[in-house]
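Structure assessment
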Number of protein chains: 2
Amino acid sequence: MTTSPAYAAVDWGTSSFRLWLIDTEGQVLEESRSSEGMTTAAKAGFSTILESHLSAFSAPDDLPVIICGMAGARQGWVEAGYVDVPAALPAVLTAAAVVPDAKRDIRILPGIAQRGTAPDVMRGEETQLLGARDGSVIGEQLFCMPGTHSKWVRLSGETVTGFASFMTGELFDVISKNSILQHAVKDAGDFDGSHPVFLAAIKSAFDHPARATNLVFTVRSGQLLDGLDATGAAARLSGTLIGAEIAGGMADGWQRKELDAPIKLIASGRLQDLYEAAFDALNLPFNTIDADEAVRRGLSQAAKTVFGGNT
Amino acid sequence: MTTSPAYAAVDWGTSSFRLWLIDTEGQVLEESRSSEGMTTAAKAGFSTILESHLSAFSAPDDLPVIICGMAGARQGWVEAGYVDVPAALPAVLTAAAVVPDAKRDIRILPGIAQRGTAPDVMRGEETQLLGARDGSVIGEQLFCMPGTHSKWVRLSGETVTGFASFMTGELFDVISKNSILQHAVKDAGDFDGSHPVFLAAIKSAFDHPARATNLVFTVRSGQLLDGLDATGAAARLSGTLIGAEIAGGMADGWQRKELDAPIKLIASGRLQDLYEAAFDALNLPFNTIDADEAVRRGLSQAAKTVFGGNT
């Protein structure tokens, strides 16, 4: 390290752990990633995992740590509660929970909850939103945050006015592994957003979301009748689930025509490619914001607010 | 047995096996049920399982056997092929496959395939349709056949003109067991079609099918935020999947307004109760036909055609 870290920032999800050491200028000095998410940490110990990553970088014993994500869930490290919708994003910064009896100052950011007839929760995405928001946009913005439980979030100025989670990523996983479709997708190769079967499925599911669980079944019948190969089968399953999600994310009170800006896609890597291809195929205007950068920027803003001037 | 059996009729599904011994008058003399479906039989041997059920009833060695269902699939006992849509139901009767090298005459009925842009397959349901059809109806009828892979079938006279499979039952199973929702539905008690959470979910998913995978997620968020109990969680998951299926079954070219008769629900037991409650809640006219009776009547018709006068 050329300069000293001012704090550590951690994005602690259900199945992933990411840590950055950041200096007072906001520069990333070190980065580490692992699969030690909440599920692993609940058994191995949150403190043990965090400290092992910090000591690998010889981080000082008094380095403060700011955390977002599932570490703040009820079944996580320390429950960090929720800020309720309508939720002003800056309120997230000031509601962090303190990890008690730790040798260093460790804070966990709260999630956001939507109570009422469409109950919903997020943990981690609120921090991405903090880092991704464009303060210059005054009106309504619609954010799409793909993942295990994709979030579609409506932001009015700096206030989250509503959101919806879609089980897209998890459904792809459990259907691929545990349903009869496991035979159809077995040994599937990689595919990207240009795969014609993926794009056709995006359009079908977006146009006919009510047929989604039927379109999913055509992964199997397509294999039986049309010789659909394993990679095509995986592409059809993925395209169907993503197409239905986009239809749902924009349904009802969420129509694009009410929005004042293109959809903001917060994504990186493979999901960025698939969702960009999907939006293009559906002729939906969008801008992409890198998800890793967004969460890091959000954590940095939180650190400045929580730990004050030294960070 | 008071009279001698003329044949055995078998409905051999993916996960269930049902056998009836039937006399020349069409009366059921014996019945046996087990969970030795195709999956079990592929390992234990189809012949072994069939003969063990027959010998338990001291059935004669030359008793012929008519079979429908997954025993005729590629991964089943003997592949019985498909009759293609548009498929006249009587054509199913004459396309049975013969099991070679068996000590008795064993025939397996073919399925029905829909080729083209909406590939789909059924095995077993064609035999239920044979037993459930009402020859007096000339126009279009819509059949709903709930199950692991629910079928919605359009019949014009005696011809299947199109159908769609929905993965409702299997999705309920894999989501309940393998997704994050397993925690919400753990130790759920029984619920029936009158459960208010089930009925509310039916209406939500039917009205907003594009939000189905979001509504599924509210099983979890409802537990976190509203204290939804495990039975309510299972009822919400079930109602969401069934409501979305009904929306999809009636979508696009399948609207009830084009039909000349109420929806025909072919079901029995628990699924009958849930789907009847769903149709009532949605104000959709329907008649119920018992699924067990339908498949037995269909197998009896097949036996008469295949084995001739003695049956």
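Residues numbered from 1 in each chain as written. Chains lettered and ligands numbered in written order. Predicted model: local features only at pLDDT ≥ 70, side-chain atom pairs only at ≥ 80, totals over all residues. Heavy atoms only, no water.

**Describing the overall build of chain A**
Which entries qualify depends on this criterion: Strands are runs of DSSP state E lasting at least 2 residues, helices are runs of H or I lasting at least 4, and numbering of each runs from the N terminus. Here a residue-residue contact requires only that any non-hydrogen atoms of the pair lie within 4.5 Å. In this description, accessible areas are obtained by the Shrake-Rupley approach with a 1.4 Å probe, and a residue is regarded as covered only by the protein chains that are shown. Here Asp and Glu are counted as negative and Lys and Arg as positive; His is not counted, and neither are the chain ends. In plain terms, the charge of a residue is placed at NZ if it is Lys, CZ if Arg, CG if Asp and CD if Glu.
Within chain A, the secondary structure is distributed over 11 helices and 15 strands. By principal-axis analysis of the C-alpha atoms, chain A measures approximately 65 × 45 × 40 Å. Restricting to contacts in chain A with at least 6 residues of sequence separation, those with at least 24 account for 64%. For chain A, the accessible area works out to roughly 11700 Å², and carbon and sulfur atoms hold 48% of it. Charge centroids of chain A, computed over 25 positive and 37 negative side chains, lie 4 Å from each other.

**Topic: the pairing of strand E15 (residues 286-290) of chain B**
All names here are of chain B. Rules: Strands are treated as partners if at least two bridges between them are detected by DSSP. Note on handedness: a clockwise path from strand one over the helix to strand two, with the strands aimed away from the viewer, defines a right-handed crossover.
As paired strands, strand E14 (residues 263-267) and E15 are joined by 5 bridges and run parallel to one another. Within the sheet, the bridge partner assigned to Ile266 lies in E15 and is Ile289. Assessed by its sense of winding, the connection that carries the chain from E14 through helix H10 (residues 269-281) to E15 is right-handed.

**What about empty space enclosed by the protein?**
In this approach the atoms are scanned with a rolling probe the size of a water molecule, which exposes any empty space left behind. To keep things clear, this is the line we draw: Only protein atoms enter the 1 Å grid used here, on which a cavity is any set of points holding a 1.4 Å probe that cannot leave and a pocket is any open set flanked by protein within 12 Å on both sides along at least five of seven lines; residues with an atom within 4 Å of a point are listed as lining. Grid points are joined across faces, edges and corners, and a volume is the space filled by probe spheres set on the points. Gly is put with the polar residues, along with every residue not named as nonpolar or charged; the nonpolar set is Ala, Val, Leu, Ile, Met, Phe, Trp, Tyr, Cys and Pro, and the charged set is Asp, Glu, Lys and Arg.
Scanning all chains against the criterion turns up 1 cavity of 30 Å³ or more. Each pocket or cavity is described by its volume, and for the largest cavity that value is around 230 Å³. Of all the elements in the fold, those that place two or more residues in the lining of the largest cavity are helix H5 (168-178), helix H8 (212-226) and helix H9 (230-249) of chain A together with helix H5 (168-178), helix H8 (212-226) and helix H9 (230-249) of chain B. Of the residues assigned to the lining of the largest cavity, the class counts are 16 nonpolar, 3 polar and 1 charged.

**A short note on the environment of A:Arg115**
How we decide: Using a 1.4 Å probe on the protein chains alone, a residue whose accessible area is under 20% of its type maximum counts as buried, one over 50% counts as exposed, and one in between counts as partly exposed. In the analysis that follows, any N or O atom pair within 3.5 Å is treated as a polar contact, provided that within protein one partner can donate a hydrogen and the other can accept it, and provided that, for residues neighboring in sequence, both atoms belong to side chains.
Position of A:Arg115 relative to the elements: it lies in the loop between strand E9 (111-114) and strand E10 (120-122). Looking at A:Arg115, the relative accessible area reads 44%, which means it is partly exposed. Along the primary structure A:Arg115 and A:Asp84 are separated by 31 residues, whereas in three dimensions their C-alpha atoms are 7.3 Å apart. Once residues within four sequence positions are removed from consideration, A:Arg115 is found in contact with A:Tyr82, A:Asp84 and B:Leu225. Engagement of the side chain of A:Arg115 in a polar contact is seen with the side chain of A:Asp84, the distance being 2.8 Å.

**Re the side chain of B:Glu125**
Residues and elements named next belong to chain B. Filter applied, for reference: Should a side-chain nitrogen of Lys or Arg be within 4 Å of a carboxyl oxygen of Asp or Glu, the pair is scored as a salt bridge.
With respect to the helices and strands, the residue Glu125 is situated in helix H4 (residues 125-132). For the buried Glu125, no salt bridge is present, and the opposite-charge side chain at shortest range is Lys151, 4.4 Å distant. With sequence-adjacent residues up to four places away left out, Glu125 is seen in contact with Met145, His149 and Lys151.

**Some words on the domain arrangement of chain A**
Using the following cut-off: Domain limits in this description derive from either an automatic procedure or a database domain assignment.
With domains assigned, chain A is organised as domain 1 (7-135) and domain 2 (166-291). Between the C-alpha centres of domain 1 of chain A and domain 2 of chain A there is a distance of 29 Å.

**Here we look at the relation of the copies chain B and chain A**
In plain terms, the rule: Residues reaching a pLDDT of at least 70 in both copies supply the C-alpha atoms on which the copies are superposed by least squares.
For the match of chain B to chain A, the screw axis carries a shift of 0.0 Å, the RMSD comes to 0.1 Å, and the turn is 180 degrees. With respect to symmetry, the two chain copies, as superposed, fit the operation of a two-fold axis.

**Some words on the interface of chain B and chain A**
Our working definition: What gets called buried area is simply the loss in accessible area from a 1.4 Å probe that two parts show on being joined, summed for both.
Contacts between the two partners involve 47 residues from chain B and, on the opposite side, 47 residues from chain A. With both chains or domains summed, chain B and chain A bury close to 4000 Å², and 63% of this area falls on carbon and sulfur atoms. Summed over the shared surface of chain B and chain A, the result is 0 salt bridges. Connecting chain B to chain A are 14 residue pairs in polar contact (both at pLDDT 80 or more). Residue assignment for the side of chain B that touches chain A shows that the elements contributing at least two residues are strand E9 (111-114), strand E10 (120-122), strand E13 (159-166), H5, H8 and H9 of chain B. Top element by residues in the side of chain B that touches chain A is H8(B). It accounts for 11 residues. Split by residue class, the side of chain B that touches chain A holds 23 nonpolar, 14 polar and 10 charged.

**Quick look at the packing of H9(A) against helix H10 (residues 269-281) of chain A**
Angle between the axes and distance between the axes are the two parameters that describe a pair of packed helices. All names here are of chain A. Stated formally: Note on method: axes are straight lines fitted to C-alpha atoms, helices fitted across the in-contact stretch only, with angles between N-to-C directions ranging 0 to 180 degrees. Each helix crossing is assigned a hand: it is left-handed if the near helix lies turned anticlockwise from the far helix by less than a right angle, otherwise right-handed if that turn is clockwise.
For the pair H9 and H10, the least separation of the axes is 11 Å and the interaxial angle reads 60 degrees. Considering how the two elements wind past one another, H9 and H10 form a crossing that is right-handed. Facing H9, whose interface residues are Ser238, Ile242, Glu245 and Ile246, H10 presents Leu274, Tyr275, Ala278 and Phe279.

**Describing the packing of aromatic side chains**
Our working rule: Note on aromatic contacts: the rings of Phe and Tyr and the six-membered ring of Trp form a pair at centre separations within 6.5 Å, being stacked when their planes are under 30 degrees apart, edge-to-face when over 60 apart, and tilted otherwise. We call a charge positioned over a ring when the NZ of a Lys or the CZ of an Arg lies within 6 Å of the ring centre and within 35 degrees of the ring normal.
Enumeration according to the criterion identifies 14 aromatic pairs over all chains in this entry. Aromatic pair A:Phe191 and A:Phe198: ring centres 6.1 Å apart, planes at 40 degrees, arrangement tilted. The exposure class of A:Phe198 is buried, given its relative accessible area of 0%. Aromatic side chains B:Trp12 and B:Trp77 sit 6.1 Å apart centroid to centroid with 70 degrees between the ring planes, which places their arrangement in the edge-to-face category. One end of the pair, B:Trp12, is in strand E1 (residues 7-12); the other, B:Trp77, is in the loop between strand E4 (65-69) and strand E5 (82-84), and 65 residues separate them in sequence. Following the ring pairs from residue to residue traces out a cluster consisting of A:Trp12, A:Phe17, A:Phe46 and A:Trp77. Geometry around B:Tyr82 places B:Arg123 over its ring, the cationic atom sitting 4.5 Å from the centre.

**Some points on the sheet that holds E4(B)**
Strand-to-strand pairing in sheets goes through backbone hydrogen bonds, with the strands running parallel or antiparallel. All names here are of chain B. What the 6 strands build is an open sheet, ordered E3-E2-E1-E4-E8-E7; its pairing is mixed. One side of each edge strand has no neighbouring strand; the edge strands of this open sheet are strand E3 (28-34) and strand E7 (97-98). Direction of pairing for E1 relative to E4: parallel, over a ladder of 5 bridges. Note that in E4 the partner of Ala9 across the bridge is Ile66. Together, E1, strand E2 (17-22), E3, E4 and strand E8 (106-108) form the strand contacts of helix H2 (residues 46-56), whose direction differs from that of E2 by roughly 45 degrees.

**Details of the nonpolar core**
The following threshold applies: What we call a nonpolar core is a set of buried Ala, Val, Leu, Ile, Met, Phe, Trp, Tyr and Cys residues that are connected through their side-chain atoms within 4.5 Å.
Within the largest apolar cluster, 86 residues are counted, with the highest numbers of intra-cluster contacts made by A:Trp152, A:Ile246, A:Ile263, A:Phe279, B:Trp152, B:Ile246 and B:Phe279. Not counting residues within four places of it along the chain, the set of residues in contact with A:Ile246 comprises A:Trp152, A:Phe206, A:Ala278, A:Phe279, A:Leu282 and A:Leu284. If you look at the next biggest cluster of nonpolar residues, it comprises 35 residues, including B:Ala9, B:Leu93, B:Phe163 and B:Ile266.

**What to know about the sheet that holds E9(B)**
Residues and elements named next belong to chain B. What the 3 strands build is an open sheet, ordered E5-E9-E10; its pairing is mixed. Unpaired on one side and paired on the other, E5 and E10 mark the two borders of the sheet. Pairwise comparison of adjacent strand axes, ignoring direction, gives a mean angle of 25 degrees for this sheet.

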